[in-house]
Amino acid sequence: MTVLLFVLFLLLALLSFWMVTKRKLKPKHNYPRSLPSLPIIGSLLHFVGDTELHLTFNRLQQKYGSLYSLYMGSEYMVVVNNYHHAKEVLLKKGKIFGGRPRMVTTDLLTRNGKDIAFAPYSSMWKLQRKLVHSALCMFGEGSLALEKIICEEAASLCENLTATQDSPLDMGIELTHAVTNVVCSLCFNSSYQRGDPEFEVMLKYSQGIVETVGKHSIVDIFPWLQIFPNKDLVLLRKCVKARDQLLHEKFAKHKEMFSKDSVNDLMDTLLKAKQNNDNNNSHLLPGEELTDDHLLMTVADIFGAGVETTTTVLKWNVLYLLHYPEVQQKIQMELDEKVGFNRHPLLNDRQHLPYLDATISEVLRIRPVAPLLIPHEALEKTSIGEYDIPKGAQVVINLWSIHHDEKEWDKPQEFNPGRFLDEDGNRIYSPSPSYLPFGAGVRVCLGEALAKMELFLFLAWTLQRFTLSIPEGHSLPEPEGKFGVVLQVPKFKVKATLREAWKGNK
């Protein structure tokens, strides 16, 4: 019986493939050059045994050009590898390409697209995004309120490093704890104490989500395969269940204590918006409703993305500082001269610390946290450059290729913070228009300002006080990432040594 069902699904998939092909690729259209494809599997033979999609897509442009197409099963996909086409997709035609393709794993993660990152482009999505932006403004992006929260966590991070100094340390856990508490303050007006069991649960389910979502897994390519046993889906469901249990507990407490006259965090902002919507005071289209699921998935989105992305960038920064100790030393010299040891670094020091800022920018370039931006979907028939693009086509922006384009970057494989400085050592935000670390357009990263604040302050506080080095007896991995929803950093140990000049200025 199972064999007969499998054959039936194969036949249906084959029929679907030919129908899609016939509908989308009529000869009269001028589509981007396509990789060879076969019935049912499409172009998947090109990716057998190759798990680093961003690198594969980068290599394929040598043969097929910087803009080409392929089939992931029966789904037509266009891959963008240069910034000219990327900016057309993200900026010039941002609303046309504002859709998101539906995938099994992201639907499980977001309750069928009720979040922000993976939700379809709609009035509901616009409302959710506006609400999160309002919550960030409530704290004041770049203001003293949010800066105070980050600095408190930076101080706690430094205390923990002091307690474990000169011992091999997985700094990733410490960084995750610090970033988590910042996002917790924003979302729930709360924080985790060191060793909190709930924090350990959060760490575990977050890692499981990172390992199973956004990798173009086989079940996302062939959704009908979810009827068969799948260890990734089992893990994802388990992690989502743990996440949702935690969120429901916090949500229930907020609903119980909620007062529209006292809005203290993102959860309160969303509850107030729902109350307004229930009273017909919103601008949603007829039939749309801001449900509890939308509220929970919005918070899950901000919480999950806000923690994982920023923590990942911080870990990449630390790994590169270990590989390039001369860069760390130069940052510390800059801190000593411009900040000293009698006070803590503040956000307004950023303009006086161009080399630290340039180092962060170079890490974001050479190891983009999302090497393939979340796929876009064409909401109508359109074009990219000289090529026609059919409605419903998935469009993938290969940020890795764009940030390693030899036409735009001098020796792009080399780690060089100096490329973000002019001849006088002043900060250059973008030495190339191809620099897009947070994306662009209507789907630009909503937490860009918050992330930049955290990256600067956490690194400034840490490097003011500590020298980071490789513990004796430990080796340092090469800075090669593992592809996923974020570019995962290889595990490594750090020795944090309190600097001599700081010991007398605690």
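Small disclaimer: the values here were computed from a predicted structure and weren't measured. (Residues numbered from 1 in each chain as written. Predicted model: local features only at pLDDT ≥ 70, side-chain atom pairs only at ≥ 80, totals over all residues. Heavy atoms only, no water.)

For the rest of this paragraph, the subject is the overall build of the chain. The number of helices and strands found in the chain is 17 helices and eight strands. Against the globule reference of 23 Å for 506 residues, the chain gives a C-alpha radius of gyration of 24 Å, in line with a compact fold. Expressed along its principal axes, the backbone C-alpha trace of the chain runs to roughly 75 × 55 × 45 Å. Burial status across the chain gives 54% buried among its 506 residues. Taking all contacts inside the chain whose residues are at least 6 apart in sequence as the whole, residues at least 24 apart take part in 74%. Total accessible area on the chain is roughly 22,900 Å²; 54% of this is exposed by carbon and sulfur atoms. In the chain, which carries 57 positive and 58 negative side-chain charges, the distance between the mean positions of the two groups comes to 6 Å. (Helix = DSSP H or I, 4+ residues; strand = E, 2+ residues; numbered from the N terminus. Rg over C-alpha atoms; globule rule 2.2 N^0.38 Å. Buried < 20%, exposed > 50% of the residue type's maximum accessible area, 1.4 Å probe, protein only. Contact = heavy atoms within 4.5 Å. Areas by Shrake-Rupley, 256 points an atom, 1.4 Å probe, with all protein chains shown as cover. Lys, Arg positive; Asp, Glu negative; His and termini not counted. Charge placed at Lys NZ, Arg CZ, Asp CG, Glu CD.)

Before going further, it helps to examine the sheet that holds strand E6 (residues 394-397). With mixed pairing, four strands are arranged side by side in an open sheet as E1-E2-E6-E3. In the strand order of this sheet, the two ends are held by strand E1 (67-72) and strand E3 (376-377), each with one partner. Packing against the sheet, helix H2 (residues 53-64) makes contact with E1, strand E2 (75-80) and E6, and its axis sits at approximately 120° to E1. Each of E1, E2, E3 and E6 touches helix H3 (residues 83-92); the most contacted strand, E6, lies at about 125° to it. (Pairing = 2+ DSSP bridges. Axes fitted to C-alpha atoms, helices over the stretch in contact; angles between N-to-C directions.)

So, about the packing of helix H8 (residues 197-212) against helix H10 (residues 231-257). One can describe the packing of H8 onto H10 by two numbers: an axis separation of 9 Å at closest approach and a directional angle of 140°. With respect to H10, the axis of H8 lies oblique. For the crossing formed where H8 meets H10, the hand is left-handed. Of the residues in H10, those in contact with Glu-198, Val-201, Lys-204, Tyr-205, Gly-208, Ile-209, Glu-211 and Thr-212 of H8 are Asp-232, Leu-235, Leu-236, Cys-239, Ala-242, Arg-243, Leu-246, Glu-249 and Lys-250. (Parallel < 35°, antiparallel > 145°, perpendicular 65-115°, else oblique. Left-handed = near helix turned anticlockwise from the far one by under 90°.)

Residue position: Glu-174 is located in helix H7 (residues 171-188). You can call Glu-174 buried: its relative accessible area is 6%. With sequence-adjacent residues up to four places away left out, Glu-174 is seen in contact with Leu-157, Asn-160, Leu-169 and Arg-194.

Attention now moves to the packing of aromatic side chains. If you walk through the whole model with that rule in mind, you get 16 aromatic pairs. Consider the rings of Tyr-320 and Phe-415, whose centres lie 4.6 Å apart with planes at 25°: the pair is stacked. Taken as a pair, Tyr-320 in helix H12 (residues 292-323) and Phe-415 in the loop between helix H15 (399-403) and helix H16 (448-465) lie far apart in primary sequence, 95 residues in all. Take Tyr-320: its relative accessible area is 3%, and that puts it in the buried class. When its relative accessible area of 9% is taken as the criterion, Phe-415 is described as buried. Geometrically, the ring pair formed by Trp-409 and Tyr-435 is edge-to-face, given 6.2 Å between the ring centres and 70° between the ring planes. Note that Trp-409 is positioned in the loop between H15 and H16 and Tyr-435 in the loop between H15 and H16, a separation of 26 residues in sequence. You can call Tyr-435 buried: its relative accessible area is 5%. (Phe/Tyr/Trp six-rings, centres within 6.5 Å; stacked < 30°, edge-to-face > 60°.)

Turning our eyes to something else, we now look at the nonpolar core. Among the nonpolar cores identified, the biggest contains 133 residues, and Ile-384, Ile-397, Phe-458 and Leu-468 are the most heavily contacted of them. At 16 residues, H12 tops the list of elements feeding residues into this core. Non-local contacts of Phe-458, meaning those with residues more than four positions away in its chain, are made with Ile-150, Glu-153, Ala-154, Leu-157, Ala-178, Val-179, Val-182 and Leu-314. Listed in part, the 20 residues of the second largest apolar core include Leu-53, Leu-70, Met-77 and Val-396. (Core = buried A, V, L, I, M, F, W, Y, C linked by side-chain atoms within 4.5 Å.)

The predicted model of the chain averages 88 in pLDDT, with 91% of residues at 70 or higher. When the criterion is pLDDT under 50, residues 1-8 qualifies, and its contacts beyond four places in sequence or with other chains add up to three contacts. (pLDDT = per-residue confidence, 0-100.)

Further remarks concern H16. The first and last C-alpha atoms of H16 sit 26 Å apart over 18 residues, in line with the 26 Å expected at 1.5 Å per residue. Counted residue by residue, H16 has 17 buried out of 18 residues, so it is predominantly covered. (Expected span 1.5 Å × (residues − 1).)

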